[in-house]
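One letter stands for each residue in the lines below.
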Amino acid sequence: MENNDSSRRDFLVTGLLTALTAAGCSSKKNPFDSYAGDEVKASGETVKLLSVDGEIIEMDKAFLKPVPDLPRVSNSEERKGIEGKKFVMVIDLSRCKNVGACKSACNHAHQLNPGQNWIKVLSMEDAEHTAPYWQPTTCMHCDEPPCVKVCPVDATFKRQDGIVLIDSDRCIGCRFCMAACPYSTRVFNWQEPLLTQEVAAQPYSCETSMPQKKGTVSKCDFCPDMARKGELPHCVSACPNGVFMFGDLNEDSVTNGAETFRFSELIKDKAGYRLMEDLGTKPSVYYLPPVNRNFPYESGLENETNEDKHTHSK
Amino acid sequence: MIWTAALILICLIGAYAYYRQLKYGLVVTNMRDYVSWGIYISNFVFFVAISLVGSLITAIFRLANVKWATPLTRIAEIIAVSAIVFASLIIIVDMGRPERMLYLFLHGRIQSPIMWDVIVIGTYFFISLLLLYLPLLPDLKILIQFKEKTSKALNKLYRFQGSFWKGTADQLKISKKSITLLCIVIIPVAFCIHTVTSWLFATTYRPGWDSTNFGAYFISGAFLVGAGGVVVAMYIFRRFYRLEKYITEKHFEKMGRVVVMLALLYLYFNVNEYLVPAFKMKKPEEAHLTQLFTGEFASLFWFAILIGMILPILILLFKKGRRPLPMFIAGMMVVVGAWFKRYLIVTPTLLHPFLPMQDVPESYHHYFPSWEEWAIAMGSMAGVLLVITFFARIYPIIPIQETISEQHEKDEEK
Amino acid sequence: MKKNKFSFLLLPLVFALLTNPLAAQEDSVVAKELVKLKYFNDNNGVQFLILENSLKTGKKIEPLNNKVFQLYLDSNKTENFIATVTTDKTGKAKSFLPPSLKAAWEASPLHKFIAVATGKEEETAAELEILKSKIKIDTAIEEGTRRITVQVMKYENSEWVPANEVEMKVGIQRMGGILSAGDEETYTTDSSGTVNVELTKDSLPGDEKGNMVLVAKVEDNDQYGNLLVQKTVPWGVALKTDNSFFDQRTLWTTRFRAPVWLLFMAYSITIGVWGTIIYLVLQIIRIKRIGTAAS
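Residues numbered from 1 in each chain as written. Chains lettered and ligands numbered in written order. Predicted model: local features only at pLDDT ≥ 70, side-chain atom pairs only at ≥ 80, totals over all residues. Heavy atoms only, no water.

**Some points on unusual backbone geometry**
Outside of glycine, negative phi angles account for most residues, and trans bonds account for most peptide bonds. The amide bond that connects A:Met210 to the next residue, A:Pro211, takes the cis arrangement and shows omega of -10°. By the secondary structure assignment, A:Pro211 is in the loop between helix 6 (197-201) and strand 9 (217-218). A positive phi is found at B:Arg242, a non-glycine position, where the angle reads about 50°. Positive phi is not limited to glycine here, since C:Asn66 has a value of about 65°. Residue placement: C:Asn66 occurs in the loop between strand 3 (60-63) and strand 4 (68-73). Residue C:Asn66 is classed as exposed on the basis of its relative accessible area, which comes to 57%. (Helix = DSSP H or I, 4+ residues; strand = E, 2+ residues; numbered from the N terminus. Buried < 20%, exposed > 50% of the residue type's maximum accessible area, 1.4 Å probe, protein only.)

This is the structure:
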C-alpha cells in the first residue's frame with residue numbers, strides 16, 4: 001500500500017515534470033531542459049489525461065499544444081540573447097553534395113525573395129592541384145564581427161549567445177555592413193519583399209527576421225526562434241546528408257538531429273578549421289575538411305543553377 | 001539664363017528619378033548584393049574631395065600670406081560649401097531607409113566610421129559657412145552702399161546679413177583674428193573629413209581598400225581635384241563676368257604651378273597605391289589589380305590616370321600651358337579624371353569578394369549604373385553648379401574690400 | 001542459332017527499357033498522401049500520439065496543414081474515440097489519451113491506434129499497433145567508472161517481462177540530440193531486457209550546478225513505439241557563465257560600451273572644434289554689437 005502511494009506520488013510528480021519537459025518547458029534555467037524555459041505560463045486550466053499505467057494525471061492546458069505558445073520576446077531581450085549558451089555550427093564538407101535542401105528550407109522558412117540566399121553553397125577549389133569541394137556558407141556569427149563594428153545605428157549587434165542579429169526596424173540601409181563583411185554573406189532588400197499575407201501581418205521580431213522590410217539588410221540568423229524552442233535551425237534539419245551540425249559551445253556538443261558529437265573531440269579528430277582565420281574575425285562556424293568523401297564532387301554539378309554553370313570560377 | 005535653365009532641368013530629372021527610387025526602393029538602381037555601393041558613393045567621395053578646396057585655397061594660402069590667391073578665396077569657399085551640402089544629400093539618397101536618418105543621432109554608435117563622417121561633415125559645413133560669411137561682411141557694406149545698383153529684395157538681404165558692419169578698427173581687429181583662427185581650425189577638420197571618408201573603405205578587409213595609404217592618398221587627390229575645380233571656375237567667371245583685371249594671367253600662372261605640384265603628389269600616391277600591391281600580387285588582390293590594369297576596367301583606369309594626372313602635368317609644366325585657356329582644359333581634365341578615379345576606387349573592389357560570387361542571379365556579377373542613378377548623380381552635380389551660380393549672382397565672387405585693401409598696400413609699397 | 005538466342009533476349013529488354021521511363025514518369029507526376037501515426041511514452045507517464053500528414057510528389061515531401069483526423073483506440077466505435085486533431089503547418093498533430101478510455105486501456109497489453117480522415121470515415125488513414133512497455137534507467141558508480149543501466153519491460157500475460165532486442169540511444173541530453181554515453185551510437189537490450197553502458201566521456205560540461213540529464217531513448221520501435229526516460233545526475237562539470245566578454249568595452253559592442261580611448265578622442269576633437277565655432281559665432285555677435293552701438 002505504502003509502496004503504491006509513494007510510487008504513485010513520485011509518479012505524479014515525475015509525470016508532471018516530464019509532461020512539462022515533453023511539452024517543452026521547465027521551471028528552472030537548466031540549459032539541458034528544453035528551452036521554452038520559464039516562459040510558458042501555466043494558464044491555470046488543467047486537463048485530465050490517461051497515463052501509461054492507467055493512472056489519471058492532470059496537466060495544465062497551456063502545455064498541451066504541440067508547440068507551446070511562447071510569449072513575445074521584447075526587443076531588449078532579443079538584443080541580449082539566450083542566457084548560458086554560445087551557439088556554434090560545424091559543417092562537414094565531406095558530406096556535402098550540393099543537394100540544396102538547406103537553401104530551400106532556409107529560403108522558405110524566412111520567405112526570402114528569389115535571388116536572396118542566406119546560405120550559399122559555393123563550388124570551391126582553393127588552388128590548381130587541390131581538391132574541388134562544395135562549401136555551404138552561412139553567416140559566420142563572428143566573435144569580432146566587422147559588420148557590427150561599422151554599423152552606425154546599432155541595427156546589427158552581437159548577442160551574449162554568440163548570434164549576430166539584425167534589427168530591421170533600426171536599419172537605415174547604408175550597406176556599410178555589406179561592404180565590411182569579408183564572407184559576403186549579407187543580402188539587401190532592394191525592393192519591397194514578396195511576403196504572404198500571413199507573414200506581412202505579423203509583428204516584426206529580430207529573432208524570426210520576419211517580416212522582411214524594404215531597404216534593410218538581412219542574413220542568416222542561426223534561427224534563434226527555433227533555439228528558444230529547443231529545436232535546430234531549418235538548414236540543419238533539412239539537410240539529407242547531415243552536413244550541418246549545430247550546438248552549444250558551453251555544452252560542448254553539436255548535432256545534426258540524428259547524430260550528436262562532442263564538439264571539442266569532433267574538431268580535434270577531423271581537423272576542423274574556420275574560414276579566413278587570419279582576418280581575425282573569430283567566426284563561430286567550423287568546417288570539417290572534405291576527406292573520405294561520401295560523394296564525389298562531380299555529383300553535385302547536376303544541381304548547379306544555370307547561372308553558376310557559366311561563372312564557375314573565382 | 002540658358003545655363004541656369006539647363007541646370008534646373010537636370011535637377012528636376014534627378015528629383016523625379018529619386019521619387020521613383022523612394023517608391024520602388026533601391027531596386028531602380030543597378031546596385032545589387034555584391035556591388036552594394038555604386039556611383040552614389042563615388043559621387044559622395046568626389047564631392048567631399050572637392051570641398052577640401054576651401055581649406056586649401058582659403059585657409060592655407062591665407063595663413064601662408066599668399067597674396068595673389070586673395071581674389072580666388074570666395075570662389076574656393078563657395079565651391080566648398082556647395083559641394084559639402086550635396087555630399088550630405090547624395091549620401092541620404094544612397095540610404096535604403098532615408099526616413100530613419102534621425103537614428104544616426106538617436107542611436108548613433110561612436111565606434112562606426114560613418115558616425116565619424118557624419119560628425120566631421122557637419123562640423124566642416126559650419127566652419128566653411130563661417131569662412132564664407134566673415135570675409136563677406138566688408139563686401140556687404142559696399143553692396144549696401146551702392147544700393148541703386150542692386151534690386152530691392154537683394155538690398156534687404158544684404159542689410160539683414162551685414163548692416164552692422166561699419167569697418168571700424170575694433171571690428172576689423174576682431175574680424176581679422178577670427179578669420180585667422182578659422183583658417184587654423186579648418187585645416188585639421190578638412191584633413192579629418194577626407195581621412196574619415198577614406199576610412200569608410202580602409203576599415204574593411206577588401207582588396208583595393210585594405211590599404212594603410214588611403215588617408216594620405218585621398219587627401220592628396222582631394223587637393224588636386226579641388227584646385228582643378230577652382231581653375232575651371234576661375235576661367236568661367238573671368239570670361240563671363242569680365243574679371244580680367246582681377247583674375248589675371250598671373251593668377252593662372254601661379255595656380256598652374258600649384259596644380260602641377262598637386263598632380264605630381266597625387267601621381268606619387270597612386271604609384272604607391274597600385275605598384276606596391278602589384279609587386280606582391282597577393283591572391284585576393286591579384287584578380288582586382290589585373291582587372292584594373294589589363295581587364296574589364298583597364299580602359300577606364302588608364303583614361304583616369306592619363307586624363308586626370310599625366311596630361312595636365314605635361315600641359316602645365318610649360319609656361320605656355322599655364323595660360324587661361326590651356327589651364328581651363330587641364331582643369332576640366334583633372335576634374336573629369338578625378339570623377340572616374342573615384343568610381344574606380346568604389347566599384348571594382350566590390351566585384352572581387354573573397355568568396356566566389358555564386359548562388360546569385362547573373363546580373364549581380366556586373367554593374368553599370370541605371371538611368372535613375374545617372375539622373376540623380378547628374379542632378380547632384382547640377383545642384384552644386386546651381387548653388388554656385390546663384391551665389392555668384394547674389395554676392396560678388398571676388399572679395400571686393402580685400403582686393404581694394406591689397407591694392408592700397410601695393411601702392412603704398414611702391 | 002546465336003542470333004536467335006540474342007534476339008529472344010533483346011525483345012523483353014527493349015520492352016523493359018521502354019516501359020521503365022514511362023513508369024518513372026508516372027511516379028513523378030502522381031502525388032501520394034502519407035499519414036503516419038507515432039506513439040510516445042515519456043518517463044512511463046505521459047503518453048501521446050503524433051500524427052504526420054504529408055504529400056509526396058516524386059522526391060519532394062510537403063507537410064499538409066489544417067487536415068482534420070479522428071483518432072480511435074482499437075476500433076472505430078464512438079466509445080473508443082480518442083480525439084479530433086488538426087495538423088499544424090509542420091503537418092503534425094498531437095493527441096493525449098483521455099481518462100474515459102481507462103478501462104479499455106487496461107483491458108489488454110496490445111492496442112491498436114486508428115486514424116481516420118474527416119470525410120473519409122470508411123477508409124483507415126493510418127494504423128499503429130503498440131504493446132505496452134516500460135523503460136527504467138539506473139545509475140551506479142563502481143570503482144571510479146560511471147555506469148548507466150537501462151531496462152525495458154513489456155506487458156505479457158498480465159505481468160511485466162523483460163523485452164529483448166530493443167535498440168535505443170543512451171546518453172546525455174544535449175540541445176537537439178543525445179550525446180552517446182559510450183562509444184557506440186546505439187545499444188540493444190539483451191535477454192534480460194537490459195543495456196549496460198559505461199560513461200567513457202569524462203569532464204562533460206553540466207549546468208551551473210554540475211547536473212546533467214541522462215537519457216535513454218527508443219526511437220520508432222515496431223512494437224513499443226517511442227520510449228523516453230530521463231534522469232538528472234550530478235556528473236557534469238559545473239558551468240561558469242562568463243559574461244565578461246559581453247560587458248567589455250570594444251569596437252563591436254553597442255554604443256553604450258565604446259572603448260574609452262575612442263570616446264576620449266572623439267569628444268575632445270568635437271568639443272575642441274565646436275568650442276571654436278561657438279567662440280567665433282560669439283565674435284560675430286560682438287562685431288554686430290559694436291556696429292549697432294556705433295550707429
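**Some details on helix 3 (residues 53-63) of chain B**
All names here are of chain B. Where burial is concerned, most of helix 3 is hidden: 8 out of the 11 residues are buried. All of the buried residues in helix 3 are Val53, Gly54, Ser55, Leu56, Ile57, Thr58, Ala59 and Phe61. Among the structural elements, helix 2 (39-51), helix 4 (73-94), helix 6 (113-133), helix 9 (169-202), helix 10 (214-240) and helix 11 (249-280) are those in contact with the buried residues of helix 3. Among the residues trailing helix 3, Asn65 stands out with phi positive, at a value near 55°. (Contact = heavy atoms within 4.5 Å.)

**Points about the interface of chain A and chain B**
Between chain A and chain B, the residue contacts involve 54 residues of the former and 46 residues of the latter. Linking chain A to chain B there are 3 salt bridges. Between B:Asp94 and A:Arg175 there is a salt bridge, with the nearest N and O atoms lying 2.6 Å from each other. In terms of residues, the side of chain A that touches chain B owes the most to one element, strand 4 (residues 120-125) of chain A, which gives 5 residues. Here the side of chain A that touches chain B is built from residues that sort into 26 nonpolar, 14 polar and 14 charged. (Salt bridge = Lys/Arg side-chain N within 4 Å of Asp/Glu carboxyl O. Nonpolar A, V, L, I, M, F, W, Y, C, P; charged D, E, K, R; others polar.)

**Looking at the interface of chain B and chain C**
If you look at the interface, chain B gives 28 residues, while chain C gives 29 residues. Both faces combined, the contact of chain B with chain C buries some 2300 Å², and carbon together with sulfur accounts for 79% of it. When the area that chain B buries against chain C is broken down by residue, the three leading residues are B:Gln111, B:Phe164 and B:Ile174, summing to 26%. For the pair chain B and chain C, the number of links is 8 residue pairs in polar contact (both at pLDDT 80 or more). The leading source of residues in the side of chain B that touches chain C is helix 9 of chain B, at 9 residues. For the side of chain B that touches chain C, the per-class residue count stands at 16 nonpolar, 9 polar and 3 charged. (Buried area = accessible area lost by both parts, 1.4 Å probe. Polar contact = N/O pair within 3.5 Å; in protein donor to acceptor, adjacent residues only side chain to side chain.)

**A closer look at the sheet that holds strand 13 (residues 285-288) of chain A**
Residues and elements named next belong to chain A. Here 5 strands make up an open sheet; going across it, the order is 12-11-10-3-13 and the pairing mixed. Lying at the two open borders of the sheet, with one neighbouring strand each, are strand 12 (260-262) and strand 13. On average, each strand axis in the sheet is inclined to that of its neighbour by 25°, with strand direction left out of account. Note: strand 3 (residues 87-92) against strand 13, 4 bridges, orientation parallel. Residue pairing across strands places Ile91 opposite Tyr287, the latter belonging to strand 13. (Pairing = 2+ DSSP bridges. Axes fitted to C-alpha atoms, helices over the stretch in contact; angles between N-to-C directions.)

**Thoughts on helix 14 (residues 324-350) of chain B**
Residue and element names in this part refer to chain B. Between its terminal C-alpha atoms helix 14 stretches 40 Å, which fits the 39 Å expected from 27 residues at 1.5 Å a residue. Along its length, helix 14 shows its largest kink, about 25°, at Leu344, and proline Pro348 lies within four residues downstream of that point. Summarising burial for helix 14: 20 of the 27 residues are buried, a large majority. (Expected span 1.5 Å × (residues − 1). Bend = angle between axes of the 7 residues up to and from the residue.)

**Some words on the sheet that holds strand 4 of chain C**
Residues and elements named next belong to chain C. Taken in spatial order, the 4 strands of this open sheet run 5-4-7-8, and their pairing is antiparallel. Edge positions in the sheet fall to strand 5 (81-86) and strand 8 (126-131), since each of these pairs with one other strand and no more. Ignoring which end each strand starts from, the neighbouring axes of this sheet average 20° apart. Pairing analysis gives 5 bridges linking strand 4 to strand 5, with the strands arranged antiparallel. Along strand 5, the bridge assignment pairs Gln70 with Thr84.

**What about the environment of B:Met255?**
All names here are of chain B. Here Met255 shows up in helix 11. Residue Met255 is classed as buried on the basis of its relative accessible area of 0%. Along the backbone, Met255 and Phe105 are 150 residues apart, and their C-alpha atoms lie at a distance of 41 Å. The contact partners of Met255, leaving out residues within four places of it in the chain, are Ile57, Trp68, Leu72, Ala227, Val230, Val231, Met234 and Met327.

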